[in-house]
Amino acid sequence: MKKSLDHLPARKQAELRRVVEMIQEAFAEAVATRRAERLKNGKILKIILYGSYARGDWVHDPVGRYFSDFDLLIVVDHEDLTDGEFWHDAENRLMPMGPDIRTPVSLIVHGLDDVNEQLDRGRYFFADIVRDGVLLHDTPGAKLHKPADLKAQAALAEAEESFAEWMASSAEFQAGAQFYAERGNNKLAAFSLHQASEHLYHCILLVVTLYSGKAHNLAFLRKKGEAIDARLAGAWPRETKFERRSFELLREAYVKARYSKHYKISTDELTWLTERVEALRGLVKTVCEERLAQLRLEAEADNA
């Protein structure tokens with residue numbers, strides 16, 4: 001794993017150093033009041049930069065309104081420390097603002113044992129992090145395993161299972177959205193469309209990388225999906241205020257459509273979102289089927 005950030009501009013290097021400091025500060029505060037030994041003495045073992053900024057192919061596109069994230073894997077010494085309650089404050093502090101942090105930051109948190117189990121299984125996502133990642137913080141003695149070689153047949157079986165499961169569940173939520181819309185319940189229709197979209201994004205992540213975190217934020221999932229295949233951006237036009245507002249209403253629906261009496265979504269907005277989720281479904285299906293076809297060829301080559 002690399003340790004140098006020399007491939008990044010000086011400003012990005014300074015940002016990342018500050019990001020690491022803020023993560024450590026927020027985590028220390030989060031565990032300081034805990035009574036359980038495994039929590040109050042919890043440690044961040046590693047902070048690893050992965051993705052486009054680690055590889056050197058990040059995107060900064062103000063015109064198209066697309067900006068790559070700092071993607072960070074945080075490895076902790078106990079699985080209980082992966083719970084979101086320990087990281088909400090860190091994520092809030094890392095929102096792009098002011099002179100220190102201008103780049104969006106995406107965090108995923110895993111226990112050391114979990115990461116090593118994934119590496120032992122040869123999971124692409126974690127193997128790529130070990131191969132391409134940049135170590136920003138390290139604790140002596142906390143070792144990552146060498147990634148195993150995942151056989152194409154095993155990867156194919158897992159990807160096919162994920163494709164069938166998540167495409168089916170997304171279709172059920174789309175059907176639910178239509179049911180609620182016909183009954184005039186736009187709020188539950190919007191929530192169901194959110195779930196359909198979420199399941200579609202988890203589908204493509206699982207099929208292509210064999211990994212998907214416990215994420216519900218559609219803006220986060222959209223960015224992860226589009227990083228895998230830029231064609232997915234076609235599902236969500238962003239040129240007009242109506243398009244951007246409609247997607248934001250969909251993103252908010254996970255919580256507000258269920259719990260807020262102030263959440264409102266018009267029939268026009270719901271109709272547009274219904275069309276766009278169906279477009280997303282078609283794109284996800286195409287990308288996943290291409291990946292499955294590639295895995296089948298690799299499996300056949302292994303068996304030849």
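Everything below is about the structure shown above.
Conventions used here
Residues numbered from 1 in each chain as written. Predicted model: local features only at pLDDT ≥ 70, side-chain atom pairs only at ≥ 80, totals over all residues. Heavy atoms only, no water. Helix = DSSP H or I, 4+ residues; strand = E, 2+ residues; numbered from the N terminus. Rg over C-alpha atoms; globule rule 2.2 N^0.38 Å. Buried < 20%, exposed > 50% of the residue type's maximum accessible area, 1.4 Å probe, protein only. Contact = heavy atoms within 4.5 Å. Areas by Shrake-Rupley, 256 points an atom, 1.4 Å probe, with all protein chains shown as cover. Lys, Arg positive; Asp, Glu negative; His and termini not counted. Charge placed at Lys NZ, Arg CZ, Asp CG, Glu CD. Expected span 1.5 Å × (residues − 1). Pairing = 2+ DSSP bridges. Salt bridge = Lys/Arg side-chain N within 4 Å of Asp/Glu carboxyl O. Polar contact = N/O pair within 3.5 Å; in protein donor to acceptor, adjacent residues only side chain to side chain. Axes fitted to C-alpha atoms, helices over the stretch in contact; angles between N-to-C directions. Disulfide = S-S within 2.5 Å. Phe/Tyr/Trp six-rings, centres within 6.5 Å; stacked < 30°, edge-to-face > 60°. Lys NZ or Arg CZ within 6 Å of the ring centre and 35° of its normal. Core = buried A, V, L, I, M, F, W, Y, C linked by side-chain atoms within 4.5 Å.

S.K.: Is there a simple way to explain the overall build of the protein chain in this structure?
M.R.: A count of helical and extended segments in the protein chain gives 12 helices and six strands. By the compact-globule yardstick of 19 Å for 304 residues, the protein chain fits well, its C-alpha radius of gyration being 20 Å. For the protein chain, with 304 residues in total, the buried portion stands at 48%. A separation threshold of at least 6 residues defines the contact pool for the protein chain, and within that pool the share at least 24 residues apart is 75%. For the protein chain, the exposed area adds up to about 15500 Å²; of that, 52% sits on carbon and sulfur atoms. Both charge centroids of the protein chain, one from 43 positive and one from 48 negative side chains, sit 5 Å from each other.

S.K.: Would you mind going over helix H8 (residues 186-209) with me for this structure?
M.R.: Over its 24 residues, H8 runs 34 Å from end to end, which matches the ideal 34 Å to within 8%, given 1.5 Å per residue. Most of H8 sits inside the fold, with 22 of its 24 residues counted as buried.

S.K.: Is there a simple way to think about the pairing of strand S4 (residues 70-76) in this case?
M.R.: The two faces of a sheet get side chains in turn, since along a regular strand they alternate between them. Burial runs high along S4: seven of the seven residues are buried. By the alternation rule, side chains of S4 split into Phe70, Leu72, Ile74 and Val76 and Asp71, Leu73 and Val75, which are all buried. Bridging between strand S1 (residues 44-50) and S4 involves six bridges; their strand directions are antiparallel. From the neighbouring strand, isoleucine 44 faces S4, where its bridge partner is valine 76. The sheet contact formed by S4 and strand S5 (residues 105-111) spans seven bridges and is parallel. By the bridge assignment, valine 75 is partnered in S5 with histidine 110.

S.K.: Help me out: how do you make sense of the side chain of arginine 291 in this one?
M.R.: In this fold, arginine 291 is placed in helix H12 (residues 267-303). As a buried residue without a salt bridge, arginine 291 has its nearest oppositely charged side chain in glutamate 298, at a separation of 4.4 Å. A distance of 3.0 Å separates polar atoms of two side chains, one belonging to arginine 291 and the other to glutamine 294. Discounting residues that sit within four places of it in the chain, arginine 291 has contacts with Tyr124, Val207, Val208 and Glu298.

S.K.: Looking at this structure, how should I read unusual backbone geometry?
M.R.: Note on backbone geometry: most residues besides glycine have negative phi, and most peptide bonds are trans. The phi dihedral of leucine 210 falls on the positive side, at around 65°, and the residue is not glycine. As for its placement among the helices and strands, leucine 210 is situated in the loop between H8 and helix H9 (218-228). Relative accessible area serves as the criterion here: at 2%, leucine 210 is assigned to the buried category.

S.K.: Is there a simple way to explain the sheet that holds strand S6 (residues 134-138) in this structure?
M.R.: By way of backbone hydrogen bonds, the strands of a sheet pair with one another, either parallel or antiparallel. Pairing is mixed in the open sheet, where four strands are placed in the order S5-S4-S1-S6. Each edge of the open sheet carries a strand with a single partner, namely S5 and S6. On average, each strand axis in the sheet is tilted by 20° relative to the strand beside it, whichever way the strands run. Strands in contact with helix H6 (residues 124-132) are S1, S4, S5 and S6; relative to S1, the strand with the most contacts, it is inclined by about 85°.

S.K.: I'm lost on the state of the cysteines in this one. Help?
M.R.: Each disulfide consists of one covalent bond between the sulfur atoms belonging to two cysteines. Summed over the entire model, instances satisfying the criterion amount to zero disulfides. With no disulfide partner, cysteine 203 has as its closest neighbouring cysteine sulfur the one in cysteine 288, 4.0 Å distant.

S.K.: Just to check I follow, could you spell out the packing of aromatic side chains for this structure?
M.R.: The description of two aromatic rings rests on the distance between their centres and on the angle between their planes. One pass over the structure, following the stated rule, counts 12 aromatic pairs. With centroids separated by 4.2 Å and ring planes inclined at 15°, the aromatic side chains of phenylalanine 125 and tyrosine 211 adopt a geometry described as stacked. Here phenylalanine 125 is found in helix H6, whereas its partner tyrosine 211 is found in the loop between H8 and H9, with 86 residues between them in sequence. For phenylalanine 125, a relative accessible area of 14% corresponds to the buried category. Tyrosine 211 gets classed as buried once you look at its relative accessible area, which sits at 13%. Clustering of aromatic rings is evident, with ring pairs tying together Tyr50, Phe125, Phe126 and Tyr211. Lying over the aromatic face of phenylalanine 247, arginine 222 brings its terminal NZ or CZ to 3.9 Å of the ring centre. The ring of tyrosine 254 has arginine 258 sitting right over it, with the charged end atom 4.6 Å from the ring centre.

S.K.: So what exactly am I meant to see when it comes to the nonpolar core here?
M.R.: One recurring pattern in soluble globular proteins is that nonpolar side chains are buried together. Counting residues in hydrophobic clusters, the biggest one holds 47 residues, and the most contacted among them are Cys203, Ile204, Trp236, Leu280 and Val284. At the level of elements, helix H7 (152-182), H8, H9, helix H10 (241-252) and H12 are the ones that each hand at least two residues to this core. Looking at which element gives the most residues to this core, the answer is H8, with 13 residues. Residues Leu16, Phe27, Ile44 and Val105 belong to the second largest nonpolar core, which totals 31 residues.

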